[in-house]
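Fold and contact review
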Amino acid sequence: MILIQTVTQTTDCRLTAAVDTRVKPSLGKASAYSDRRICEKCGKFHEAVKDKVILDLKYEARTVPQRLTSQQEIDDWFEQATRGLNNFQQAVVRKSWATMEKLMSSCDRKNRIVGSIIHDFRVLPRLNSDRGTAILVAASIYDACHYYRLFQNTPFGDYCGIVTSYQPNHNQISREPANSDERYKYDTYTRFVLSPNQTTKQYETEIKRRFKDEPANCKLLIVVSKLLTGFDAPSCTYIYLDNKMKDHTLFQAICRTNRLDGDDKDYGYIVDYKELFGEVQNSIAVYNSDDLDLEGDSDDNNITIKDCVEEGKTKLDNAHEALRYLCEPVAQPKEIEQYLHYFCGDVNDPNSLTTTEPLRITFYQAVATFVRAYAAMARYLEDAYSDAESANIQQEVRFYTDTRSAIKQHSGEELDIKPYESDMRHLINTYIQADSQETLGNLSSLSLTEAIIETGIHDVIAQRLNRQGNLSQNAIAEAIINNVRRTIIRDQLTDPKFYEEMSTLLNDLIQQKRNDTKSYELFLNNAEALINRLGRQQSDANIPVDFLLHYTVKQKQ
């Protein structure tokens, strides 16, 4: 457990600007508090806790190791499920489903987490007294629905609620394939969540009331995005994080647990399944360091700021130029017919599609990069380009998007993956099994405020933030090494020649996750050793760069 001293945030507290150096920070110290009385009384997080305005927080990292059960059965199942697809289409299915997000959504892993939460409610103080409640943050609406239905299979299910942005629509779902993810969400809400003739708004209003006023009858809320800011329930004591978050979203989420609620509530508790300790420390450090000037809107604050418009324009121009260069050999007048011939080959040649396959894949990637860069710059076009240039860019986005669709359709590489969702869910849920959860690290001796404020680590982190982009060559090299494996996987997924066996890719992802978790646990152990040395005020206890590399690598990713 790690003790965190912090304070509740509000939606108008612009924490993102302070952590993400791509956005100009604009945040006064007082605006870090949601209540004006707190603003007047306290200046920083640890001072608010000291004055007993809010509670300290404790942090615990947990992991659920996963493994494959039968590689041959996985390959056989995938081959059967995708029979009739060409190489490229099979690669599209692999790319969509062989991801860390899908890996972490396996049924067995969720069942382990469900069992752990139920165990906590049986044995932990406050939770086992019918006075404490908890929030489980899921990574997607599907995952939230899956968690909800898993809890319904237990006696604990009567005490669970779900709050997401999903709105069941019969007309929309009628066009979805049987057993698709969309149908699963629709069935969850209509069969398990909503009463007859009840709207989602009515349900959410009632479940939030019960969560606040009747903690013995509504112990757990499963949420996605909603209720993580501006929702105050003093009974809420635990938050379980199974979704990657950072900056103000993470900070406000964990602060749902720090409301005062009687003498039996000493702390708010964070249980982290996504290895977010570095993100939490970064946020705490930013708002407790005098080395970061975050006040006002002046241009002389000491965080290195990148002009997002200038950076976005550069990315868009580069993507545009790369796409035009790729398409330069297309014959005039460079309309759809000429593009089809160049990227698909001669229709009379039976090998033309195979020969031109690498060229098409490069084109698909280039168009995707161009469209993403355009989407990021769409609201700023008038600031970066003339009216004529903006109109030309918009026209080319439409043209290249339509051309890509035409090429995919002509080559047989257009694929709706929704019909394959149920098969792939079965594969993930059947052949990926999870072991018992494990607790990572042991930093229970000090509060986080003591660990990063009194030891001075927060100032070192702040100085590192001030020097964004000025990393040592060793730090850069290590960051590259840490990322090269996932980069290879990401690039190769778009090429049908790589990872022809689904089991190989899934096993690679599982091994990558295990390696990442080992690295994370080492980071926590190093942090503990460093904090202990600094806490004893050893003269040689300098803060090493390696300790801060974790933050830098995560931000670069």
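Note that the coordinates shown come from a computational prediction; the quantities given were computed from them, not determined experimentally.

Looking only at helices and strands, one finds 25 helices and 10 strands in the protein. For the protein, the residues scored as buried account for 51% of the 557 residues in total. Considering only contacts in the protein between residues 6 or more positions apart, those separated by 24 or more positions represent 78%. Only carbon and sulfur atoms are counted for the fraction: they give 46% of the accessible area of the protein, which is about 26,500 Å².

Turning to the nonpolar core, a few remarks are in order. Membership of the largest hydrophobic core comes to 71 residues, with the highest contact counts inside it found for Phe-151, Leu-220, Leu-221, Tyr-240, Leu-241 and Ile-254. Here this core takes eight residues from helix H8 (residues 141-152), the largest share from any one element. Those residues in contact with Leu-241 that sit more than four places away from it in its chain are Val-137, Leu-250, Ile-254, Ile-270, Val-271, Asp-272, Tyr-273, Lys-274 and Leu-276.

Time to look at the pattern of salt bridges. The final tally for this structure, using the stated rule, is 23 salt bridges. A salt bridge links Asp-317 to Lys-313, with the nearest nitrogen and oxygen atoms 2.8 Å apart. Here the residue Asp-317 and the residue Lys-313 both occupy positions in helix H14 (residues 308-326), the gap between them amounting to four residues, near one helical turn. Overall, the relative accessible area of 27% leaves Asp-317 in the partly exposed class. A relative accessible area of 27% places Lys-313 in the partly exposed class.

Residue alternation in strand S5 (residues 160-163) divides its side chains into two sets, Cys-160 and Ile-162 and Gly-161 and Val-163, and both sets are buried. With four bridges connecting them, S5 and strand S6 (residues 220-223) associate as parallel partners. For Val-163, the partnering residue across the bridge sits in S6 and is Val-223.

Before going further, it helps to spend a moment on the packing of H14 against helix H19 (residues 387-411). Relative orientation of the contacting elements H14 and H19 amounts to 50°, with a least axis distance of 12 Å. Judged by the inter-axis angle, H14 sits oblique to H19. For the crossing formed where H14 meets H19, the hand is left-handed. Across the interface between the two elements, Leu-316, His-320, Leu-323 and Arg-324 from H14 touch Asn-392, Ile-393, Glu-396 and Tyr-400 from H19. Partitioned by chemical class, the residues of the contact of H14 with H19 number four nonpolar, two polar and two charged.

Glancing now at the side chain of Ser-70. For Ser-70, the location among the structural elements is in the loop between strand S3 (66-68) and helix H4 (71-81). Taking the relative accessible area as the measure of exposure, Ser-70 reaches 17% and is therefore buried. A polar contact of 3.3 Å, which involves the side chain of Ser-70, links it to the backbone nitrogen of Glu-73.

Before going further, it helps to examine unusual backbone geometry. Cis geometry marks the peptide bond from Gln-332 to Pro-333; its omega dihedral reads 5°. Along the chain, Pro-333 falls in the loop between H14 and helix H15 (336-344). Unlike most non-glycine residues, Asn-197 shows phi in positive territory, near 70°. With respect to the secondary-structure elements, Asn-197 resides in the loop between helix H10 (181-193) and helix H11 (200-213). In this structure Asn-197 comes out as exposed when scored by relative accessible area, which is 79%. Even without being glycine, Leu-227 reaches a positive phi, approximately 70°. Residue placement: Leu-227 occurs in the loop between S6 and strand S7 (236-241).

Turning our eyes to something else, we now look at the environment of Thr-354. Within the secondary structure, Thr-354 is located in helix H16 (residues 352-355). The spatial distance from the C-alpha of Thr-354 to the C-alpha of Ser-411 is 9.8 Å, given a sequence separation of 57 residues.

Let us look at the pairing of strand S2 (residues 56-63). Along any regular strand the residues' side chains alternate between the sheet's two faces. Judged by how many residues are buried, S2 sits mostly within the fold: seven of eight residues are covered. For S2 and strand S8 (residues 267-272), the ladder comprises six bridges, and the chain directions are parallel. In the sheet register, Ala-61 faces S8, and the bridge partner there is Asp-272. Alignment of S2 against strand S10 (residues 438-440), held across three bridges, turns out to be antiparallel. Paired with Arg-62 across the bridge in S10 is Thr-439.

Turning to the side chain of Thr-356, a few remarks are in order. With respect to the helices, strands and loops of the structure, Thr-356 is situated in the loop between H16 and helix H17 (357-377). The exposure class of Thr-356 is buried, given its relative accessible area of 11%. A distance of 2.8 Å separates a polar atom in the side chain of Thr-356 from the backbone oxygen of Ser-352. With residues near it in sequence (within four places) discarded, Thr-356 still touches Tyr-342, Phe-343, Cys-344 and Gly-345.

Our next topic: H14. In a regular helix each residue adds 1.5 Å, so 19 residues correspond to 27 Å; H14 covers 27 Å between its end C-alpha atoms and thus fits that length. By the burial criterion, the buried members of H14 are Val-309, Gly-312, Leu-316, Ala-319, His-320, Leu-323 and Leu-326. Considered in projection along H14, the buried side chains sweep an arc of 130° and stay on one side of the axis. Facing away from the buried side of H14, by more than 90 degrees, are the exposed residues Glu-310, Asn-318 and Tyr-325. Contacts made by the buried residues of H14 are with H15, H17, helix H18 (381-384) and H19.

A word on the environment of Pro-215. By the element assignment, Pro-215 lies in the loop between H11 and S6. Classification of Pro-215 by relative accessible area gives buried; the value is 16%. For the pair Pro-215 and Ser-235, spaced 20 residues apart in the sequence, the C-alpha separation amounts to 6.7 Å. When near neighbours in sequence (up to four residues on either side) are disregarded, Pro-215 contacts Asp-130, Arg-131, Thr-133, Arg-210 and Ser-235.

Quick notes on the rules
- Residues numbered from 1 in each chain as written.
- Predicted model: local features only at pLDDT ≥ 70, side-chain atom pairs only at ≥ 80, totals over all residues.
- Heavy atoms only, no water.
- Helix = DSSP H or I, 4+ residues; strand = E, 2+ residues; numbered from the N terminus.
- Buried < 20%, exposed > 50% of the residue type's maximum accessible area, 1.4 Å probe, protein only.
- Contact = heavy atoms within 4.5 Å.
- Areas by Shrake-Rupley, 256 points an atom, 1.4 Å probe, with all protein chains shown as cover.
- Core = buried A, V, L, I, M, F, W, Y, C linked by side-chain atoms within 4.5 Å.
- Salt bridge = Lys/Arg side-chain N within 4 Å of Asp/Glu carboxyl O.
- Pairing = 2+ DSSP bridges.
- Axes fitted to C-alpha atoms, helices over the stretch in contact; angles between N-to-C directions.
- Parallel < 35°, antiparallel > 145°, perpendicular 65-115°, else oblique.
- Left-handed = near helix turned anticlockwise from the far one by under 90°.
- Nonpolar A, V, L, I, M, F, W, Y, C, P; charged D, E, K, R; others polar.
- Polar contact = N/O pair within 3.5 Å; in protein donor to acceptor, adjacent residues only side chain to side chain.
- Expected span 1.5 Å × (residues − 1).
- Arc of directions from axis to C-beta.

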